[in-house]
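# Fold and contact review
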Amino acid sequence: MSPTFWEPFALTLKLAVITTVLLYFIGIPIAYYLTYSKVRFKSVLEAVIAMPLVLPPSVLGFYFLLAFSKDGFIGAFWNKFFGHQLAFHFDGLVIGSIIFSLPFMVHPLLNGFKAVEKSQIEAAYTMGKGKFQTLLKVILPSMKPSIITGGVIAFAHTVGEFGVVLMIGGNIDNETKVASIAIYNEVEALNYTTAHIYSLILFAFSFAILWFVYMKLGREVKGV
Amino acid sequence: MIKVDVTKKFHGSSGEIDFRLIHEFKSGEFWTIFGESGIGKTTLLRMIAGLELPTSGVIEADGEVWFDSSKKINLPPQKRKVGFVFQSYALFENMSVLENLTFAQTKRDLPKAMQILEKMGIAELKSRIPSTLSGGQKQRIALARAIAQEPKVLLLDEPLSALDAIMRSKLQDELKKTHEDFALTTLMVSHDRSEVFKLSNYALWLKNGTIFKAGTPKELFLSKNSSSKFSFTGEILALEQRDIIVVATVGIGENIVEVVLDKMEAKELAVGSEVSVSSKAFNPIIKKS
């Protein structure tokens, strides 16, 4: 086994963890806003968030690539502040992952928010608790299963994404070569044994994570 | 004292309602808001709590303006100091009973929360999670939690409607005692006449979007225009012709009785009509059932 054998996995894990954590900070305010605001253009925002579900990853990746390059509008900004472009860089993968995994985080959260009884929120308000405190102490704790589901699906989806990552990240060792890309790479180089091992690890990992979640969720729902 | 002088347009069960209400609730009194469903009883409570906006008017509590449409004042529910007991209780499932109470307090005060639970005889429930409690217990906790807020006014939205008759009767007694023990000003929504009688000093009867009658329950429900000794209000459940007479089946509260009518009397009635069943010239016999 070469010393760089585990690199793609470490990179994948790092990408998925960072993406999921950031998605909580982005997804919760978005889902909260979509649930409780009454503005008319809400459906536009909902459609934009759901886009990654229906767009081919290569389309998404292509536009990201344009936007992330040195001349792209996000890429130029990034280049100015951080001194490197986003395309073919780990940072670019994180931003891309956040966008394409956003619906996988937001949709379970939306269901969670909608299931919280209005009277619980109103009760907290009459107790003098502000909106933020009510969110933190009453709303979020009562939708734990949705929060777990959102996080796990977003995490798993980030681990498994291939098309977008290939378009914006390419295939740079220890920078953008995540596990799914590494498998493709090994197959292309006819290293079937390595491809097999990589695939099996991803397979087992995905199964283990889903199993854990369903076990945990089952208990959560039963209220133990 | 809570002063209410508001108007509100809303969709009730029988179409658009122009709600208009002017009333003062004095401190320490127990008022029930009585009337058909969809008439605006809950809406009135919600407007006082700040959970719903009146179309226009003024709401004041002890001289403090909570709402004034002409001055564009609208205090959020957070600043109104009301205790609201919801029909669904709205207990926080992620907190224990005791935590529900301390969360409701303006400043966390554990001994005081315990004191409330003890005074209401439910201290042994303090570490339980609400989902493990029975309906009656949940109702008590919801009440205790509202009291922990030290509210200027306690608002109860049909708090006993989800309970069976025996539990309801027991909790009515407890509710009355709690109101007196903690010297509260209480407004309770109810559509149950016996509940109004049992609990409240005063009652507001709402009809057609405004006050139909206000006063003591006696003044409201014992009509003075008949000299009957014995009178109940009920609903006709069935009308059945038998030879030359008609038998009306009337539901009065939890009971169902049959009343014999002649055809002329029956003509004016239909299934679903609200009727009063009264009798003059006999002495009712009361014995323990």
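Predicted model only: the values in this text are computed from it and were never measured.

With that out of the way, let us pick up the overall build of chain A. A tally of regular secondary structure across chain A gives 11 helices and zero strands. Secondary structure elements in chain A, listed N-terminal to C-terminal, are α-α-α-α-α-α-α-α-α-α-α. Its C-alpha atoms give chain A principal-axis dimensions of about 65 × 45 × 30 Å. Every one of the 224 residues in chain A was classed for burial, and the buried ones make up 43%. Taking the contacts inside chain A whose residues are at least 6 apart along the sequence as the reference set, 71% of them involve residues at least 24 apart. Total accessible area on chain A is roughly 12,000 Å²; 70% of this is exposed by carbon and sulfur atoms. Here chain A contributes 16 positively and 12 negatively charged side chains, and the mean placements of these two sets differ by 16 Å.

With the rule as written, the count across this model stands at 21 aromatic pairs over all chains. Feature note: the residues Phe5(A), Trp6(A), Phe9(A) and Tyr198(A) constitute an aromatic cluster, connected by ring pairs. Cation over ring: Lys14(A) sits above Phe90(A), and NZ or CZ is 4.4 Å from the ring centre. A cation over an aromatic ring shows up here: Lys129(A) above the ring of Phe103(B), its NZ or CZ 5.0 Å from the ring centre.

The next subject is the packing of helix α2 (residues 97-104) of chain B against helix α3 (residues 110-119) of chain B. Residues and elements named next belong to chain B. The geometry of α2 relative to α3 is characterised by a closest axis approach of 9 Å and an angle of 120 degrees between their N-to-C directions. For the element pair α2 / α3, the angle class is oblique. The interaxial crossing formed by α2 with α3 has right-handed handedness. In this structure, α2 contributes Val97, Leu98, Leu101 and Thr102 to the contact, and α3 contributes Leu110, Ala113, Met114, Ile116 and Leu117.

Before going further, it helps to examine the interface of chain B and chain A. Each partner contributes to the interface: chain B provides 18 residues, whereas chain A provides 17 residues. The junction of chain B with chain A conceals about 1,600 Å² of combined surface from both sides, 60% of it contributed by carbon and sulfur atoms. Of all residues in chain B, Gln78(B), Phe92(B) and Phe103(B) bury the most surface against chain A, accounting for 36% of the area lost on that side. For the interface between chain B and chain A, the tally reads one salt bridge. Among the ionic pairs, Glu122(A) bridges to Arg46(B), the shortest N-O distance being 2.7 Å. Put simply, chain B and chain A have 10 residue pairs in polar contact (both at pLDDT 80 or more) between them.

Residues and elements named next belong to chain B. As a packed pair, helix α4 (residues 135-148) and helix α5 (residues 165-181) sit with axes 11 Å apart at the nearest point and diverge in direction by 15 degrees. Considering their axes alone, α4 and α5 lie roughly parallel with respect to each other. Helix-helix and strand crossings are classified by hand; for α4 and α5 the assignment is right-handed. Contacts from Gly136, Gln139, Arg140, Leu143 and Ile147 in α4 reach Met167, Lys170, Leu171, Glu174, Leu175 and Thr178 in α5.

This next bit is on the nonpolar core. Taken as a class, soluble globular proteins show a tendency for nonpolar side chains to be buried jointly. Residues Phe68(A), Phe113(A), Ile139(A) and Met143(A) are the most contacted members of the largest nonpolar core, which totals 41 residues. Filtering out sequence-adjacent residues up to four positions away, Phe68(A) remains in contact with Ile74(A), Gly75(A), Gln85(A), Leu86(A), Ala87(A), Gly92(A), Ile95(A), Gly96(A) and Ile168(A). Residues Ile33(B), Trp66(B), Phe67(B) and Leu187(B) belong to the second largest nonpolar core, which totals 40 residues.

Here the focus is the pairing of strand β1 (residues 2-12) of chain B. All names here are of chain B. Side chains of β1 alternate between two faces, with Ile2, Val4, Val6, Lys8, Phe10 and Gly12 buried and Lys3, Asp5, Thr7, Lys9 and His11 left unburied. Pairing of β1 with strand β2 (residues 15-25), which is carried by 11 bridges, proceeds in the antiparallel orientation. Residue pairing across strands places Lys8 opposite Phe19, the latter belonging to β2. The antiparallel hairpin formed by β1 and β2 contains two residues in its connecting segment. Summarising the sheet, β1 and strand β4 (residues 56-61) pair through six bridges and their orientation is antiparallel. In the sheet register, Ile2 faces β4, and the bridge partner there is Ala61.

Cut-offs applied
Residues numbered from 1 in each chain as written. Chains lettered and ligands numbered in written order. Predicted model: local features only at pLDDT ≥ 70, side-chain atom pairs only at ≥ 80, totals over all residues. Heavy atoms only, no water. Helix = DSSP H or I, 4+ residues; strand = E, 2+ residues; numbered from the N terminus. Buried < 20%, exposed > 50% of the residue type's maximum accessible area, 1.4 Å probe, protein only. Contact = heavy atoms within 4.5 Å. Areas by Shrake-Rupley, 256 points an atom, 1.4 Å probe, with all protein chains shown as cover. Lys, Arg positive; Asp, Glu negative; His and termini not counted. Charge placed at Lys NZ, Arg CZ, Asp CG, Glu CD. Phe/Tyr/Trp six-rings, centres within 6.5 Å; stacked < 30°, edge-to-face > 60°. Lys NZ or Arg CZ within 6 Å of the ring centre and 35° of its normal. Axes fitted to C-alpha atoms, helices over the stretch in contact; angles between N-to-C directions. Parallel < 35°, antiparallel > 145°, perpendicular 65-115°, else oblique. Left-handed = near helix turned anticlockwise from the far one by under 90°. Buried area = accessible area lost by both parts, 1.4 Å probe. Salt bridge = Lys/Arg side-chain N within 4 Å of Asp/Glu carboxyl O. Polar contact = N/O pair within 3.5 Å; in protein donor to acceptor, adjacent residues only side chain to side chain. Core = buried A, V, L, I, M, F, W, Y, C linked by side-chain atoms within 4.5 Å. Pairing = 2+ DSSP bridges.

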